Amino acid sequence: MAENPEKNNGAAEGTPRDFIRTIIDEDLRTGKNGTRVHTRFPPEPNGYLHIGHAKSICLNFGIGLEYNGRTNLRFDDTNPSKEETEYVDSIMEDVKWLGFDWGEGLFYASDYFQQLYDFAEQLILKGKAFVCDLSAEEMRIYRGTLTEPGKESPWRNRSIDENLDLFRRMRSGEFPDGSKTLRAKIDMSSGNINMRDPVIYRIMRAHHHRTGEEWCIYPMYDYAHCLSDMLEGITHSICTLEFEDHRPLYDWVLDTLETPCHPQQIEFARLNLNYTIMSKRKLNELVTKGFVSGWDDPRMPTIAGLRRRGYTPASIRNFAERVGVAKRESIIDVALLEYSIREDLNRNAERAMAVLNPLKVIITNYPEGVIEEMEFTINPEDPEKGSRKVEFSRELWIEREDFMEEPVKGYFRLFPGNEVRFRWAYFIKCTGYKKDEATGEVTEIYCEYDPESRGGNSPDGRKVKGTIHWVSAAHAFEAEVRLYDRLFDHIDPNKPEEGKEWTDNLNPNSLTVLNNCKLEPYLKNAQPGYICQFERLGYFCADIKDSAPGKPVFNRTVTLRDTWAKVNK
RNA sequence: UGCCGGGUCGUCUAACGGUAGGACAGCGGCCUUUGGAGCCGUAUGUGGAGGUUCGAGUCCUCCCUCGGCAGCCA
């Protein structure tokens, strides 16, 4: 790898630096690791990645890119009882989709099992590790409590030879699961419980997704992680706050083994979002108990769910940047996530017209059988995209909400006697409507158009307050549209009211399926994953899974901001 | 009563010891062929008490307060 100090220091001066980048800047200045910056993203393949992981991915890979360094993707697969290849595959897909590239840096902690084992023998040889026969229960008692020191294991002073012999026999499968552990010999009276002779190897007969049945002993996280970082030459090992207490152990292992390099562990606060749960365990429960359709349900905060919902990689990266990096625990407002996707899509998504809750409009003075092609601007924010044609005719669909028999104050859409603009078409005035007397439901409305206002402007210069969207009835096709809302209606779903569970905070209206939506024909061949704005409604994405050729199903990504709805509250 | 780490606008996040700034949310206005977008304006913040200093969010002392840690999970 070309190592160019000029480039490494190219991190713009004067721009606000988070505390991690500040540390790296300083390390570069003092030459701590030469000019190298090497990070890693180390997921355990026991679930799908979520938006919180996205923050970590953007941080680690972002730093790799900014400092002209590297970033590894390393699967932390030291506990075969919980890990599966399905998760490995989804994680790689998600990282790639977010726009990051690990290059040659794809690793598995399980790649290092032999080396890790050899290091453990070295620890034994140095008198720094011992085989312990305490049961899990006994060990818990010997460990002491948060305020009281622990007691030393009766097996703590076995000879080096005995430890070596026993450890080798652990490996060769002589002892049953859980009957023995290898423990680091540190300090049972430490105030830090992680330092009270922590277990570094346990006996566990389980099928490992990569090494199969080759091993029946597996290293623990604290032991495996620091050594994996070291073996890969990681310079900055960035993790979340709950590992802060583990740093002394991280350092102890590397110091005791006198390894050739010693990565620096740096902890930051994980991402929390209001109205959202981020715990893998709970997300898993939502899936297995059928509260959602899967890990990629568009309401899930998983990368797969967000992707299916219509979020773009850029919007998530921008979100991660806005959220910032610090040690203070915080809860981000989901509105910031929504802002990020709106910002991206407003600039980049095509516009189209779709009517979700249709109401028939007949333009009584418009000739029957005539079809006009109106010029429709593809994206007003991006004039270069130009325009396309949309059919207009005598009978149209409009949104039921865009008509009121008796308007409330401030309402400036369609009502008897009022004139509005039909987007990119004509000025239209409501002259009457028909109503089903039995149900009180308005069944169709009658209007007249001003032929002089073609395109949406009147030559006499008169103005209208409202512009509404429409779809030609003869040309529309019906489609399923799913309206998604936040999965939880409680600001902190983890804190249920008394006597209730966190699942009671689920929003019963998080999904509304609409079946007779009228979409303009342009959308008929929308490819799975196609994202556009349905004018005045929001951004919608053709579902990746359920769309069929010529028969797209749309998911609402996010609504447009709606100040009218707010005024009405 | 153990160890570790936090407390800056409503929410996040900045500020060589030198005018507390930005974003989102809010509010007001302008503009608008999306009640969208955009533009302009606006209010709200250094947990507390002392101390050092010409000057403290920043340094020192004490206090208050919040979070994490007792898996053979990561």
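Here we come to the packing of aromatic side chains. The final tally for this structure, using the stated rule, is 23 aromatic pairs. Pairing Phe113 with Trp215 gives two aromatic rings, centres 6.0 Å apart and planes at 75°, and the pair type is edge-to-face. You can see Phe113 sitting in helix H5 (residues 113-125) and its partner Trp215 sitting in the loop between strand S7 (199-203) and strand S8 (217-219), a full 102 residues away along the chain. Under the relative-accessibility criterion, Phe113 is labelled buried at 3%. Among the aromatic side chains, those forming a connected cluster through ring pairs are Phe113, Tyr117, Phe167, Tyr201, Trp215, Tyr218 and Tyr223. In this structure, Lys360 is placed above the aromatic ring of Trp397, and the distance from its NZ or CZ to the ring centre is 5.0 Å. The residue whose ring lies beneath Arg388 is Tyr522, and the NZ or CZ to ring-centre distance is 3.7 Å.

A few words now on the sheet that holds strand S26 (residues 553-559). Strand order in this open sheet of seven strands is S11-S24-S25-S26-S22-S23-S12, and the pairing throughout is mixed. Each end of this open sheet is capped by a strand with a single partner; those strands are strand S11 (350-352) and strand S12 (354-355). The pairing of S12 with strand S23 (residues 511-519) spans two bridges and is classified as antiparallel. Across the sheet, the residue bridging to Ala354 is Leu519, located in S23.

We now examine the confidence of the model for chain A. Across chain A, pLDDT averages 95, with 97% of residues at or above 70. Residue range residues 1-14 is modelled with pLDDT below 50. Its contacts to residues more than four positions away, or to other chains, number 17 contacts. Across the predicted assembly, pTM comes out at 0.95 and ipTM at 0.96.

We now examine the nonpolar core. Burial of nonpolar side chains together is a common tendency in soluble globular proteins. Membership of the largest hydrophobic core comes to 38 residues, with the highest contact counts inside it found for Phe167, Leu182, Tyr201, Ile217, Tyr223 and Leu227. Take this core: its biggest share by element is seven residues, from H5. Core analysis: the next-biggest nonpolar cluster, separate from the first, contains 37 residues, Ala54, Met92, Tyr108 and Tyr539 among them.

Turning next to the protein's contact with RNA strand B. Neighbouring residues of RNA strand B: 67 residues in total, closest Arg328, Glu329, Arg351, Gly455 and Gln533. Taken together, the sugar and phosphate atoms account for 61% of what RNA strand B places within 4 Å of the protein. Here a sugar or linking oxygen of RNA strand B sits 3.1 Å away from a polar atom, N or O, in the side chain of Lys82. The separation between a phosphate oxygen of RNA strand B and a polar side-chain atom of Tyr339 is 2.8 Å. At the level of secondary structure, the elements contributing two or more residues to the surface near RNA strand B comprise helix H6 (136-143), S7, helix H12 (313-323), helix H13 (334-348) and helix H14 (563-568). Of the residues assigned to the surface near RNA strand B, the class counts are 24 nonpolar, 19 polar and 24 charged.

With respect to the secondary-structure elements, Lys360 resides in strand S13 (residues 358-363). A polar atom in the side chain of Lys360 sits 3.1 Å from the side chain of Glu395. Contact partners of Lys360, with chain neighbours within four places excluded, come to Glu395, Leu396, Trp397, Thr443, Glu444, Ile445 and Ala473.

Neither face of strand S5 (residues 129-132) is exposed, since Ala129 and Val131 on one face and Phe130 and Cys132 on the opposite face are all buried. In terms of strand pairing, S5 meets strand S6 (residues 181-184) through four bridges, oriented antiparallel. Counted as the bridge partner of Val131 is Leu182 from S6.

A few words now on the pattern of salt bridges. The full count for this structure, using the stated rule, is 52 salt bridges. Where Arg29 meets Glu26, a salt bridge forms, and the shortest distance between an N and an O atom there is 2.8 Å. Taken as a pair, Arg29 and Glu26 lie in helix H2 (residues 19-30) at a separation of three residues, close to a single helical turn. The exposure class assigned to Arg29 is exposed, which follows from its relative accessible area of 61%.

Residues Glu372, Met374 and Phe376 line the buried face of strand S14 (residues 372-377), whereas the alternating positions Glu373, Glu375 and Thr377 sit on a face that is not buried. As paired strands, S14 and strand S15 (residues 387-392) are joined by six bridges and run antiparallel to one another. The residue bridging Thr377 from the neighbouring strand is Ser387, located in S15.

Moving on to unusual backbone geometry. Although it is not a glycine, Asp197 adopts a positive phi angle of roughly 45°. Tracing the backbone shows Asp197 in the loop between S6 and S7.

Looking now at H12. Turning to H12, its buried residues are Pro313, Ser315, Ile316, Phe319, Ala320 and Val323. Burial along H12 is one-sided: seen end-on, the buried residues are contained in an arc of 165°. Buried residues in H12 make contact with helix H3 (51-66), helix H4 (85-97), helix H11 (303-309) and H13. The first or second residue beyond H12 is Gly324, which carries a positive phi of 80°.

One covalent bond between the sulfur atoms of two cysteine residues makes up a disulfide. For the structure on display, the rule yields zero disulfides. Free of any disulfide, Cys517 has its nearest cysteine sulfur in Cys532, 13 Å distant. Of the cysteine sulfurs around Cys541, a residue in no disulfide, the closest is that of Cys532, at 9.0 Å. We classify Cys541 as buried; its relative accessible area is 1%.

Let us look at the packing of H3 against H12. The N-to-C vectors of H3 and H12 enclose an angle of 80°; their axes lie 9 Å apart at closest approach. Relative to H12, the element H3 lies roughly perpendicular. Where H3 abuts H12, its residues Ile51, Ala54, Lys55 and Cys58 lie against Ile316, Arg317, Phe319, Ala320 and Val323. Tallied by class, the residues present in the contact of H3 with H12 amount to seven nonpolar, no polar and two charged.

Before going further, it helps to examine H4. If you check H4, its first and last C-alpha atoms are 18 Å apart, about what 13 residues at 1.5 Å a residue would give, namely 18 Å. Burial in H4 covers these residues: Tyr87, Val88, Ser90, Ile91, Met92, Asp94 and Val95. On its buried face, H4 is in contact with strand S2 (38-41), H3, strand S3 (70-75), strand S4 (106-108), helix H10 (280-288) and H11. Remark: Gly99 follows H4 within two positions and exhibits a positive phi of approximately 105°.

Analysis parameters
In this numbering scheme, every chain counts its residues from 1 along its sequence in written order. As they are written, the chains are lettered A onward and the ligands numbered 1 onward, keeping that order. Local features in this predicted model are restricted to residues whose pLDDT is 70 or higher, and side-chain atom pairs enter the listing and the counts only when it is 80 or higher, whereas totals over whole chains, interfaces and linings include all residues. The side-chain figures draw on all heavy atoms in the structure; neither hydrogens nor water molecules are used. Paired rings are identified among Phe, Tyr and Trp, the last through its six-membered ring, by centres lying within 6.5 Å, and are further divided according to the angle between planes into stacked (under 30 degrees), edge-to-face (over 60) and tilted (the rest). Counting from the N terminus, the helices are DSSP H or I runs at least four residues long and the strands are E runs at least two residues long. Accessible area is worked out with a 1.4 Å probe on protein chains only. A residue is then buried under 20% of its type maximum, exposed over 50%, and partly exposed in between. Charge-over-ring placement is defined geometrically: NZ (Lys) or CZ (Arg) within 6 Å of the ring centre, and within 35 degrees of the ring normal. Whether two strands pair depends on DSSP finding at least two bridges between them. The predictor rates its confidence in each residue with pLDDT, a number between 0 and 100. Contact definition: two residues touch when any of their heavy atoms are within 4.5 Å. Only buried residues count toward a nonpolar core. Its members are Ala, Val, Leu, Ile, Met, Phe, Trp, Tyr and Cys residues joined through side-chain atoms within 4.5 Å. Whether a residue is near a molecule or strand is decided by its heavy atoms; if any one of them lies within 4 Å of it, the residue is near. Definition of a polar contact: a pair of N or O atoms within 3.5 Å, with one able to donate and the other able to accept a hydrogen when the atoms are protein atoms, and with sequence-neighbouring residues admitted only if both atoms are side-chain atoms. All residues other than Ala, Val, Leu, Ile, Met, Phe, Trp, Tyr, Cys, Pro, Asp, Glu, Lys and Arg, Gly among them, are scored as polar; the first ten of these are nonpolar and the last four charged. Between Lys or Arg on one side and Asp or Glu on the other, a salt bridge is scored when a side-chain nitrogen of the former is within 4 Å of a carboxyl oxygen of the latter. The arc in question is the one traced by the directions running from the helix axis out to the C-beta atoms. Disulfides are defined in this document as cysteine sulfur pairs within 2.5 Å. Orientation is described by axes fitted as lines to C-alpha atoms, over the contacting stretch for helices, and by angles from 0 to 180 degrees between their N-to-C directions. Here is the rule for angles: anything less than 35 degrees is roughly parallel, anything more than 145 is roughly antiparallel, 65 through 115 is roughly perpendicular, and the remaining ranges are oblique. Here the expected span of a helix is defined as 1.5 Å times the quantity of residues minus one.

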